[in-house]
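A structural walkthrough
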Amino acid sequence: MEFTIQEGRLFFLQTRNGKRTAHAAIQIACDLVDEGKITPEEAVCRIEAKSLDQLLHPTFDPEALKAGEVIGSALPASPGAAAGQVYFTAEEAKAAHEKGQRVILVRLETSPEDIEGMHASEGILTVRGGMTSHAAVVARGMGTCCVSGCGEIKIDENAKYFELGGHTFHEGDFISLDGSTGKIYKGDMKTVEASVGGNFGRIMAWADQFRTMQVRTNADTPADTINAVKLGAEGIGLCRTEHMFFEPDRIPKIRKMILSDTAEAREAALMELLPFQKSDFKAMYKALEGRPMTVRYLDPPLHEFVPTDEEDIKALAEEMGMTPGQVKAKCDELHEFNPMMGHRGCRLAVTYPEIAKMQTRAVMEAAIETQEETGIKIVPEIMIPLVGEKKELKFVKDIVVETAEKVKAEKGSDMEYHIGTMIEIPRAALTADAIAEEAEFFSFGTNDLTQMTFGFSRDDAGKFLDSYYKAKIYESDPFARLDQTGVGQLVQMATEKGRKTRPELKVGVCGEHGGDPSSVEFFYKAGLNYVSCSPFRVPIARLAAAQAAINNAGK
Ligand code: PEP
Ligand code: MG
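No experiment lies behind these values; they were computed from the predicted model shown.

Quick look at the overall build of the protein now. Scanning the protein for helices and strands turns up 24 helices and 23 strands. Against the globule reference of 24 Å for 555 residues, the protein gives a C-alpha radius of gyration of 24 Å, in line with a compact fold. Over its C-alpha atoms, taken along the principal directions, the protein stretches across nearly 90 × 60 × 45 Å. Of all 555 residues assigned to the protein, the portion counted as buried reaches 55%. Taking all contacts inside the protein whose residues are at least 6 apart in sequence as the whole, residues at least 24 apart take part in 69%. Here the protein has roughly 23500 Å² of accessible surface; of this, 50% comes from carbon and sulfur atoms.

Attention now goes to the side chain of arginine 211. Tracing the sequence through the fold places arginine 211 in the loop between α8 (198-210) and β16 (214-218). The exposure class assigned to arginine 211 is buried, which follows from its relative accessible area of 11%. A distance of 3.0 Å separates a polar atom in the side chain of arginine 211 from the backbone oxygen of methionine 213.

Moving on to the coordination of the magnesium ion (ligand 2). For the magnesium ion (ligand 2), the full set of protein donor atoms is Glu424 (OE) and Asp448 (OD), at a range of 2.0 to 2.2 Å. Placement of glutamate 424 in the loop between β20 (418-423) and α18 (426-430) and of aspartate 448 in helix α20 (residues 446-454) is noted, with a sequence separation of 24 residues between them. Residue glutamate 424 shares its accessibility class with aspartate 448, and that shared class is buried.

This next bit is on the site of ligand 1. If you check the shell around ligand 1, you find 13 residues, and the closest are Arg240, Arg296, Gly445, Asn447 and Arg458. Within the side chain of glutamate 424, an N or O atom sits 3.0 Å from an oxygen atom of ligand 1. Arginine 458 places a polar side-chain atom, nitrogen or oxygen, 2.8 Å from an oxygen atom of ligand 1. When isolated, ligand 1 has an accessible area of 290 Å², and the protein chains bury 96% of it. If you list the elements that add at least two residues to the shell around ligand 1, you get β17 (236-240) and α20. When grouped by side-chain class, the residues that make up the shell around ligand 1 number three nonpolar, four polar and six charged.

Before going further, it helps to examine the sheet that holds strand β11 (residues 161-164). Reading across from one edge, β10-β11-β12 is the order of the three strands in this open sheet, with antiparallel pairing throughout. Unpaired on one side and paired on the other, β10 (154-156) and β12 (167-170) mark the two borders of the sheet. Sheet twist, expressed as the average angle between the axes of neighbouring strands with direction ignored, equals 15 degrees. Where β10 meets β11, three bridges bridge the pair, whose relative direction is antiparallel. Bridging from a neighbouring strand, lysine 154 pairs with glutamate 163 of β11.

Before going further, it helps to spend a moment on the sheet that holds strand β7 (residues 103-107). Across the sheet, eight strands lie side by side as β4-β14-β13-β6-β7-β8-β9-β5; this open sheet has mixed pairing. In the strand order of this sheet, the two ends are held by β4 (70-73) and β5 (75-78), each with one partner. Ignoring which end each strand starts from, the neighbouring axes of this sheet average 30 degrees apart. As defined by bridge partners, β4 adjoins strand β14 (residues 183-186) across three bridges and the pair is classed as antiparallel. Counterpart to glycine 72 in the pairing with β14 is isoleucine 184. In the packing of helix α7 (residues 134-142) onto the sheet, the strands contacted are β5, β8 (123-126) and β9 (145-148), and the crossing angle to β5 comes to about 45 degrees.

Structurally, the position occupied by serine 195 is in the loop between β15 (191-192) and α8. You can call serine 195 partly exposed: its relative accessible area is 40%. Note: C-alpha distance between serine 195 and proline 58 (137 residues apart in sequence) is 8.4 Å. Beyond its immediate sequence surroundings of up to four residues, serine 195 is in contact with His23 and Leu55.

Taken together, the five bridges between strand β1 (residues 2-6) and strand β2 (residues 9-14) define a ladder with antiparallel strand orientation. Within β2, the position partnered with glutamine 6 by the bridge is arginine 9. Joining the antiparallel neighbours β1 and β2 is a turn of two residues, in which glutamate 7 adopts a positive phi near 50 degrees.

This model, assessed by the stated rule, comprises 12 aromatic pairs. What links up through ring pairs into an aromatic cluster is the set Phe454, Phe456, Phe464, Tyr468 and Tyr474. Directly above the ring of tyrosine 530 sits arginine 216, whose terminal nitrogen or CZ lies 4.4 Å from the centroid. Taking NZ or CZ as reference, arginine 266 lies 3.5 Å from the ring centre of tyrosine 352, over its face.

Right, let's talk about the side chain of threonine 241 for a bit. Secondary-structure assignment places threonine 241 in the loop between β17 and α10 (251-259). Classification of threonine 241 by relative accessible area gives buried; the value is 0%. A distance of 3.0 Å separates a polar atom in the side chain of threonine 241 from a polar atom in the side chain of glutamine 359. Not counting the four nearest positions on each side in its chain, threonine 241 is found in contact with Gln277, Phe281, Val295, Arg296, Tyr297, Leu298 and Gln359.

The rules we used
- Once a new chain begins, its residue numbering starts again from 1 and follows that chain's sequence as written.
- To label them, take the chains in the order written and letter them from A, then take the ligands in the order written and number them from 1.
- Local features in this predicted model are restricted to residues whose pLDDT is 70 or higher, and side-chain atom pairs enter the listing and the counts only when it is 80 or higher, whereas totals over whole chains, interfaces and linings include all residues.
- Working from all heavy atoms in the structure, the side-chain values ignore hydrogens and water.
- In DSSP terms, a helix is any run of H or I states spanning at least four residues, a strand is any run of E spanning at least two, and both are numbered starting from the N terminus.
- Radius of gyration: over C-alpha atoms. The globule rule applied is 2.2 Å multiplied by the number of residues raised to the 0.38 power.
- Summary of the burial criterion: residues with accessible area below 20% of their type's maximum are buried, those above 50% are exposed, and those between are partly exposed, where the area comes from a 1.4 Å probe applied to protein chains only.
- Residues count as neighbours in contact if any of their non-hydrogen atoms are within 4.5 Å of one another.
- The Shrake-Rupley method, run with a 1.4 Å probe sphere, supplies the accessible areas, and residue values consider only the shown protein chains as cover.
- Counted as a polar contact is a pair of N or O atoms within 3.5 Å, where, for protein atoms, one must be capable of donating a hydrogen and the other of accepting one, and residues adjacent in sequence contribute only when both atoms are in side chains.
- Donor atoms (N, O, S) are those found within 2.8 Å of the metal centre, with the cutoff raised to 3.2 Å for Na, K and Ca; water is not part of the atom list, so apparent gaps in a site can occur.
- Being near a molecule or strand, for a residue, means having at least one of its heavy atoms within 4 Å of it.
- Ten residues, namely Ala, Val, Leu, Ile, Met, Phe, Trp, Tyr, Cys and Pro, are considered nonpolar, four, namely Asp, Glu, Lys and Arg, are considered charged, and the remaining ones, Gly among them, are considered polar.
- In this analysis, strands are considered paired if DSSP registers two or more bridges between them.
- Geometry is summarised by axes, namely lines fitted to C-alpha atoms with helices restricted to the contacting stretch, and by angles between N-to-C directions that run from 0 to 180 degrees.
- By convention, a stacked pair of Phe, Tyr or Trp rings (six-membered ring in the case of Trp) has centres within 6.5 Å and planes under 30 degrees apart, an edge-to-face pair has planes over 60 apart, and any other such pair is tilted.
- Note on geometry: a ring has a charge over it if NZ (lysine) or CZ (arginine) is within 6 Å of the ring centre and within 35 degrees of the ring normal.

In C-alpha cells, the structure reads:
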C-alpha cells in the first residue's frame, strides 16, 4: 500500500492485492480466521479457485521459470508443469518411460491408441486440437499436463523431429511444458512436486459447508473414480463409456463392433465388450460407496476410434479374420466428412439397438450384483447422449426399459433406475419441455453445445480463435469458459422449460465448463443441481460453488 501523512492526517493513496501463491493464500486466510479477523465465509472467498491447480499439480521452480526460454505457446489444456525428453509415438514414449526417462509425448493429435503412451508421459504436446479435444479431455482426466493446438509447430512424426520458435527438436531432446499457461520452453526445467497442507482441508471443509450445488466428477475407470472420491467428488456425473475401452486389450474389441457389417457380428463383438464394461461398473459402484453414477451410453465420434495406424489395421484384421485391405476398405466406407456431427451419440443406438441393449445389461447386472454383494443401495442413472428430438429419446429409452426390466426379472430384483439425457444439441435445448416428458434428468454437455451453437469444431477452433481474441471479437475460449450470452441462454432456457414439464427435474452439467469457476457461478445462478468435472478439478469446483453461494446469497 502507498500512503502519505499530511498535517497529521493519514491518506491511503493506493492499495493492491498482495500477490501470493495458493499455499500462501490458504495459510493467510486460515491465520486470519484463527485470529478472529475474518469469518470462514470470507476466508473461502479470498482464495482464487483456479489457483488450487498449483496445489494439485507440479509447478516450475520459480528460478527455473525466470531463466526459461519460451519457444511457443498454445492452449493450456491440462494444468501442471512437466519437463522431459521428446518422443513421437505412444510405443516409444512407453518404452522410454520404462527405461526410467521422463517423457514428453509430441503428437499431431492423440487418439485412443495413444492412451498407454499418454499414461507414461509427464506431459503431452499436440499440434492440433482444442480445449475439449481427445488429448485435452483425457489428459485432464489423468491429471497429466497437456498443451494442445500448437499450430506453429512443423512436425514430421515419421522423421521424428519438430520445429518451433526457431529450434529443431529431435527424439530424445528436452522440452518443458506449462499446462496451466500453455507455454512451451526449451530444455529441461526444474519442477516442484504438488503438495496440499492441512489448511487445504480446512478451506475445503468450509467450502462444503457453504455450497448448495453438488460437485460430481467425470470418470470412466475404477482408478479415476477412487481418485475423484478422494478429491471430494459426490458421485459421477459423466462416465463416458467409450473411454472404458481405451486400454490396448480392449480397443480392438470396440473397433470390431464399429466395423461389424451385420447385426450378428455386432452382437458378437458387443458380447466381448460386456464383461469389461460390467466389471468396471461394479468396481466403480464399489468405489462410490452409494454415491450416484450417471452412465453415458456410447458416443464414439468415428474419427477417434477407427484405426489409422498400419500396425493397428493389421492387428484388427487378424482379430476379425479379414485382410488389412478389407479393414481399410471398411474404414473408408465409414469415413465421415464431419464426424462430430456424424453417426455418434444416440444415433448409434437408433441404428444399432443392440448397443443400448448390451450397455443396459452391463449397468443393471453390475448394479444389482454390487447391491447384493455390498448391501449399499444403488439407483442407476442411464444417460442418452446427443438427443435432439423427444421421439429419438423415447425410441432409445424403450430399448433401455425393455432390457432393464428383463435383467431385473432374471435377477429377481426391484431396482429403481432413472433414464435421462444430455442436452448438447441446440434443438434439444429449444424443445426441452417436450424432452423432459421422457427424460428424468438433464445434463448439459456444454462441449458439444458450444460446438453446435457457435458452429465451431471442437477439434479445429484453436486454429482461428487467436485471431478472434486479437481482434477483440471474443475475450476467451468458449470451450473453456462458458459463453454466458449465447450458450448460457440455452442452458437457462432449457432448465426452465424442462422444469415446467417436470418440476423436480434434476439438472447438471458435465461439459468441461463444470470445472471452470466463472462458469460454475453461472450454473449456480441458473439453478443447476450439480456440476461435474474431471477429478483434479473437483476441489476447484467445490470452492467455486461455495463462492457462488456466498456471493449470491439473498439475490
Ligand atoms: C459434452 O459434449 O459436453 C460432453 C460432456 O460430452 P463429450 O465431451 O464426450 O462429447
Ligand atoms: Mg458431447
